Structures are given as structure tokens and as C-alpha cells.
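Spelled out, the chains give:
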Amino acid sequence: MFYREAGDFKTSYREDMQTFPIRLDRRAYWTIVALAFLVAPFVVNDYWTNAVLLPFLVWATAALGLNLLTGYCGQVSLGTGGFMAVGAFAAYKLMTAFPGMNIVFVVLLAGVVTAGVGLLFGLPSLRIKGFYLAVATLAAQFFFVWLFNKVPWFYNYSASGQITAPERTIFGILVTGPSAAPAAKYLFTLTILFGLAWLARNLTRGKTGRSWMAIRDMDIAAEIIGVDPLKAKLSAFAVSSFFVGVAGALFFTVYLGSAEVTEAFGIDKSFLVLFMIIIGGLGSILGSFLGAALLVLLPVFLKNVMVDILHWETYIAAHLELMIVGGLIIFFLIYEPHGLAQLWRLAKEKLRLWPFPY
Amino acid sequence: MTSEAITHGGAMNPEGDGWVTPDGRHIGPVVLEVKNITLRFGGVTAIKDISFDIREGEIRAIIGPNGAGKSSMLNVISGFYHPQEGEIWFRGQKRPPMKPFQVARQGIARTFQNIALFKGMSVLDNIMTGRITLMRSTMAEEALWWGRAEREELAHREAVEKIIDFLEIQHIRRTPVSRLPYGLQKRVELARALAAEPKLLLLDEPMAGMNVEEKEDMSRFILDVNDEFGTTIVLIEHDMGVVMDLSDRVVVMDYGKKIGDGPPDEVRNDPQVIAAYLGVSHE
Ligand SMILES: Nc1ncnc2c1ncn2[C@@H]1O[C@H](COP(=O)(O)OP(=O)(O)OP(=O)(O)O)[C@@H](O)[C@H]1O
Ligand SMILES: [Mg+2]
């Protein structure tokens, strides 16, 4: 079967504005969604669910959030780890203060709290840009790690300084806590990510997304055609932080189960998510997924091949991972700033014209 | 008859506030008036005590040698520069100091001397962004793609397609603007400004760097916009031929001062204007 646009005519602007204007893309999308919801939880074993699928979903959520801010609105942030911590601690405080609250609300409210905090930390973006803004967000990163370490109220005065997620259920099925089934955790996280990705898509296809991109591409022109920079930047910070906060809440409650802020939400996490969107593709929703997939899979792949099959030392695999990620970043920054998503688009364009070059 | 109408050789319209041009277009009352504007950058005075008015439906040219302060004048009107002295009157009211996006919402759109398109976006998205002041749906509606969000997007898309047809850029609709040649980029920028359905359109050297054919196209578009939509246009242009052909009245600037103001053929023969241009290189 050929990948073709021909014969797939659009008779209305509504059809032309679809997320996937090409029928084959649409089918592929729904097939993947069906596989993810209906097949994966029943065929993938617990090891792969825990080691690959769950972290992928969590990091894809975070990458999506950062991509809205950095990829779409052009505001670089190095505070992702810190904002994830805000989401995690907000979820923890909510769960312990209101034990009856449904976990879905906990996670979403944690996102809302993070959105508020993100809004506040977005204020400097009205004055400073680029490198200086990145440094300001870096300050946020360190501030939150410090805060959640220093103020015992946040971890409910536990002796270890750790926070631990209590058990919560949806429809009577455990989704947090050590006894929750990986498949249940996976479905819960997947559902939330699916919803958020849909929101992100909607926001980026319309007025809001265009005002973000306008600010990114040329803020002066954006303002002169009527974009309020205050509103555009702050909304990007708020929405992005909401996503990142939800990711932090999921990371802690569903994936880790218990967390210590320095270890779980350090600066390395900020960079990890930034690398995901650079490699995956700035300003692309698909790119957020691809970048998260690659950076989650890479260490697992290296470990499986190098350590388990070739019996190399673990540290070699770890070093190799750093080198590969570093190389990829340099490659994409120099040759393809729009990342894997753009390579994918170009490949499709070629395929569409194949075998005729014009 | 007012002296303006006499110098235009046209007939007064019934309201007595404006005139009809020889080619039958109606020039209406004053829409925007700058009064005694002075703009300084540190020691440099870019604009010195300049006043002029812009009438509804006219094409008003601003000419002058390089560095005369023409672009600065547009930047003052669009709220990007704030003059140290002077007032701006828009539709009979004195305008308080405004941010550019607020000016845009009053119905004033513009293009830039150096193309200022959104490089990461397609032609279609660039032009759609031009309609941002006309969009009303809230962020919540958009996030859920519900209620007004989709309806509005469709309606605006339709309007944008009309502009795309009007400017004959259908074939590049989906192209990222950064891939377009210079002349087409200028045209897309005009499309983006038109998308806002402005009352007043400010064009900063829309034909700079174009070849003769491209200039002819652009001239035709500008005339058509003025004629079909009744848009009032302020045009900065170095090409005297174009200015003579297009404009109803011309402001001449030199070293930040206004040295002439009137219909094109009158201005062209003004000794002061000729002196300003003598020996001054201008494209
Ligand atoms: N932002 C600014 N800061 C400092 N000086 C400026 C600024 N903008 C303009 N100027 C100065 O103001 C004067 C007028 O500049 P302007 O760009 O308005 O001229 P212009 O008539 O548009 O010239 P050109 O035909 O070259 O476009 C120049 O001396 C310029 O250097
Ligand atoms: Mg200029």
C-alpha cells in the first residue's frame, strides 16, 4: 500500500484542519491508540511495563509540557525538575490531607498548583529573554529542591525526609502504592497523558498556539499585530507548568511510589526533559513523544544488549549512553533543530512523492 | 471650498469634509492626526515637531532620504516608540499612551521595512495570526476545541482564504515562510496585515528590494486594497515613480523635520524638497 495524499481531497476547511489530514496517518494514529489502550496492558509483562512503558508515559507528559513553553513559545526553562517536584509534593500534601480525594483529582489539582507556581516564576520572562531567563528558571530549580528539603511541613515531618504515596484506587483497582498492578498504573497514566496530549493539540492549533509561536518567532511583530506578550508568555508558563506538575505527580505517586526530592527531582531531570524535546523536535507534539521514547529506551536497550548479552561492565553502558545522547543533541542542534519529528515529516514527504522526485 | 480640496482639483463631497479624487475615490474626514511629535533617542532627535493628518480612504505617502525618521514615525503611530512630545489623535479622540498590541486592537496594522514574518510558521499560519485581534474564544474553549473555538477557526480560515486568493498566493499556502523568496515574503507580510481587516494600514517600504515586475504587482495590490476595502493607507516609499502613481498626498521628511506636505506633483516641484534630495543617495 502506498502512502498517498492523492485522491484524498478536502472538500471543506474543517477537513483540511484535521490533526491528521492524510487518511493513512489517521488510521495509524487510531491503531496506535487502540494498541496502547487495549493490547499493551494485557500482553506486555511487568518488567517492561515498569522499566519502559511507565517512565515513557511520565516523561512524555513532562516533555509535552516543556515543549509548549520552549518549543512553541520560545521560553527556555531549566526548571522542569523543580516544577515536577512541586507537582509531586502538591500531590503528596493533597493525598495526606484529604485521604478521600480521588487520585484523578489529586493529580490534576497538583497540576493546577504547579500552574500557579509556574505563572509566578514566569513573570521574569516579561523582562528578560534567552540565556538570562534560562538562568532564572535554573534558580527556580534549585530553590524548590532546597525548599522541599528544608521545610519539614512539605514531607509531613517524616524522619527520612522522604515522601511516600499512599494506596489509592480507581473503580476499586489500586493504581498507587507497592501492591498496584503495573498494568493498572500504566492504564491510569496513559489515560491522563492521552487527555493532556489532546488538550495540547487543541491549544496549539488555534489562537493561543499561534500567539505563542508568534512570540517565539518574532516578539516585536507579534505585539504589533495584536498579541499581548504578557498574556501569551504567562499562559505558556501556566499551561506548561500544569503539564509538568501532572508529570511530577504521576512520577511520584504512580512510578516511584516514594521519593526524596534531591534524588528524584534534581537538575539532571530538567536537562533530561530538555534533551527529550531537542532530540524529539521543538514545537512538535509528536516530537515530545519521540524524544521521551528514545531517551527512555536508550539506557534500557544499552543495558540489555551490552550488559546482559555482551556481558560488558555496567559503567561502560552508562558512559556510552552519555556519549550517544551528547552526540544526538549536537547533531540535532546543528543539523535538524526540529528533531526526530521533522526527520519523520521529511521521510513522509519523500515517500509521498516516491518514486517520482517532483 | 477648503484650500485642500482646491489643491486637489477635486470636488467636495456632500458632507463638506473631504473630497472626491479625479479617479472617483472618496477621501473622507481625518482619521488620524499627529500633532507636534518630537522623538529623541538619547542625543539623536529622530523626529522634530512634526504634524500631519491622515484622511479616511486616502493613500498617504511619507518620503524622505535615509535616516529622515520615516520608520520612526510609523513606530510612533503603532505605539512602539513613545514620543517625548506631541499628541496622537485617532478618530477624533486624543490617544493615551498605548502598547503596540492595544494599537493593533484599534484597527491599525502594519508591515515592516525589514521583513518580520514568523519564520517557524507556514504562510497560512502567519496570515491566521494576523486575525488574532478578531478572535474571541477563550483559552478554555480552545483547549477543549468546543463552542466558539472551532466555529471561529473555520470562519477565520475562510476569511484568510479570501485574502490568499486576493494576493494570489494560493500555491504557497502550506510553505514555511522561511523558504519563500524575498518578494513573496513581502506579499505574505501584506497578507498578514490585511488579515486584521485594519482601518488604517501602515506600509514601511513594501517594495524595497523588488524588481520592476514585483513592484508593479505590489502597487496593484495596494491600490486594490484601498479601492476594494476602503482601507486608509500610509506608505513609506523611496521610489518616486511609485509614490507619484499611488499616493493622494505626500509628507516629505528630512533630518526629522517635515519639509513638505501636499499632493504628489506639488511636492515634487517644491524647491526645498528637491534640495533635500539632491546629492542624497536613495534607492
Ligand atoms: N531605536 C533607535 N535607537 C536609536 N536611534 C534610532 C532608533 N531608531 C531610529 N533611530 C535613529 O533615528 C533616525 C531616523 O531613523 P528611521 O529609521 O526612522 O529613518 P528612515 O527615514 O526610516 O530611514 P530609511 O529610509 O533608511 O529607512 C536615524 O538617525 C536612526 O539612527
Ligand atoms: Mg525606514
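On a predicted model such as this, the values are computed, not experimentally measured, just so you know.

Draft legend 1. Representation of the overall build of chain A. Across its full length, chain A carries 15 helices and four strands. A compact globule built from 358 residues should have a C-alpha radius of gyration of about 21 Å, and chain A, at 21 Å, falls within 12% of that. Principal axes of the C-alpha set define a box for chain A whose edges measure 70 × 55 × 45 Å. At a minimum sequence separation of 6, the contacts of chain A that also span at least 24 residues come to 73%. In chain A, 25 side chains carry a positive charge and 19 a negative one; their mean positions are 7 Å apart.

Draft legend 2. Geometry of the interface of chain B and chain A. Each partner contributes to the interface: chain B provides 37 residues, whereas chain A provides 31 residues. Buried surface at the junction of chain B and chain A, summed over both partners, amounts to about 3300 Å²; 65% is from carbon and sulfur atoms. Here chain B and chain A share two salt bridges between them. A salt bridge links E153(B) to R210(A); its shortest N-O distance comes to 2.3 Å. Applying the counting criterion to the chain B and chain A interface returns nine residue pairs in polar contact (both at pLDDT 80 or more). Elements with a contribution of two residues or more to the side of chain B that touches chain A: α3 (100-105), α4 (123-129), α5 (139-144) and α6 (148-166) of chain B. At six residues, the largest contribution of residues to the side of chain B that touches chain A is made by α6(B). When its residues are assigned to classes, the side of chain B that touches chain A shows 17 nonpolar, six polar and 14 charged.

Draft legend 3. Expanded view of the pattern of salt bridges. Within this structure, the stated rule accounts for 26 salt bridges over all chains. A salt bridge links K129(A) to D219(A), with the nearest nitrogen and oxygen atoms 2.6 Å apart. Note that K129(A) is positioned in the loop between α5 (103-122) and α6 (130-150) and D219(A) in helix α9 (residues 219-224), a separation of 90 residues in sequence. We note a salt bridge from D248(B) to R25(B), for which the minimum N-O separation is 2.7 Å. One end of the pair, D248(B), is in the loop between α9 (240-246) and β12 (249-254); the other, R25(B), is in the loop between β2 (19-20) and β3 (26-27), with 223 residues separating them in the sequence. Shared partners join several salt bridges into a network, and the residues in it are D53(B), E58(B), R60(B), R249(B), K258(B) and D261(B).

Draft legend 4. Looking closely at the coordination of the magnesium ion (ligand 2). Coordination of the magnesium ion (ligand 2) by the protein is provided by S71(B) (OG) and Q113(B) (OE1), with metal-donor distances spanning 1.9 to 2.1 Å. Here S71(B) is found in helix α2 (residues 70-77), whereas its partner Q113(B) is found in the loop between β9 (108-111) and α4, with 42 residues between them in sequence.

Draft legend 5. Spotlight on the sheet that holds strand β13 (residues 257-262) of chain B. Residues and elements named next belong to chain B. With respect to topology, six strands assemble into an open sheet ordered β9-β10-β11-β6-β12-β13, the strand pairing being mixed. Across the chains shown, the open sheet's two edge strands, defined by having one partner strand only, are β9 and β13. On average, each strand axis in the sheet is tilted by 15 degrees relative to the strand beside it, whichever way the strands run. Taken together, the five bridges between β12 and β13 define a ladder with antiparallel strand orientation. Note that in β13 the partner of D254 across the bridge is K257. Helix α8 (residues 212-229) contacts β6 (59-63), β10 (200-204) and β11 (232-236) of the sheet and is inclined by roughly 155 degrees relative to β11.

Draft legend 6. Fine view of the confidence of the model for chain B. Averaged over all residues, the pLDDT of chain B is 90; the fraction at 70 or higher stands at 92%. Among the prediction metrics, the complex's ipTM stands at 0.89, with pTM recorded as 0.91.

Draft legend 7. Geometry of unusual backbone geometry. Residue and element names in this part refer to chain B. Of note, D49 is a non-glycine position whose phi angle comes to about 50 degrees, a positive value. Phi at E197 takes a positive value of approximately 50 degrees, unusual for a residue other than glycine. Relative to the elements of secondary structure, E197 occurs in the loop between α7 (182-195) and β10.

Draft legend 8. Highlighting a nonpolar patch on the surface. Residue and element names in this part refer to chain A. Judged by side-chain polarity, I330, F331, L333, I334, Y335 and L343 come together as a nonpolar surface patch covering roughly 630 Å² of accessible area. For the nonpolar patch, the element with the most residues is helix α14 (residues 314-335), which contributes five residues. Its location among the elements puts L333 in helix α14.

Draft legend 9. Spotlight on the domain arrangement of chain B. Residues and elements named next belong to chain B. The domain architecture assigned to chain B consists of domain 1 (2-107 + 198-278) and domain 2 (119-190). A separation of 28 Å is found between the C-alpha centroids of domain 1 and domain 2. Every contact between the two is made by 19 residues of domain 1 and, on the other side, nine residues of domain 2. Contact between domain 1 and domain 2 buries roughly 1000 Å² in total, counting both sides, with carbon and sulfur atoms accounting for 71%. Counting the surface domain 1 buries against domain 2, the share from its top three residues, M210, M218 and F221, is 38%. For the pair domain 1 and domain 2, the interface holds two salt bridges. For D217, the salt bridge identified is with R187, shortest N-O distance 3.7 Å. There are two residue pairs in polar contact (both at pLDDT 80 or more) connecting domain 1 and domain 2. Of all elements in the fold, only α3, β10 and α8 reach the threshold of two or more residues within the side of domain 1 that touches domain 2. The biggest single contributor to the side of domain 1 that touches domain 2 is α8, with nine residues.

Criteria and cut-off values
Residues numbered from 1 in each chain as written. Chains lettered and ligands numbered in written order. Predicted model: local features only at pLDDT ≥ 70, side-chain atom pairs only at ≥ 80, totals over all residues. Heavy atoms only, no water. Helix = DSSP H or I, 4+ residues; strand = E, 2+ residues; numbered from the N terminus. Rg over C-alpha atoms; globule rule 2.2 N^0.38 Å. Contact = heavy atoms within 4.5 Å. Lys, Arg positive; Asp, Glu negative; His and termini not counted. Charge placed at Lys NZ, Arg CZ, Asp CG, Glu CD. Buried area = accessible area lost by both parts, 1.4 Å probe. Salt bridge = Lys/Arg side-chain N within 4 Å of Asp/Glu carboxyl O. Polar contact = N/O pair within 3.5 Å; in protein donor to acceptor, adjacent residues only side chain to side chain. Nonpolar A, V, L, I, M, F, W, Y, C, P; charged D, E, K, R; others polar. Donors = N, O, S within 2.8 Å, 3.2 Å for Na, K, Ca; no water. Pairing = 2+ DSSP bridges. Axes fitted to C-alpha atoms, helices over the stretch in contact; angles between N-to-C directions. pLDDT = per-residue confidence, 0-100. Patch = residues over 30% accessible without salt bridge, like charges linked within 9 Å, V, L, I, M, F, W, Y side chains within 5 Å. Areas by Shrake-Rupley, 256 points an atom, 1.4 Å probe, with all protein chains shown as cover. Domains from an automatic or database assignment.

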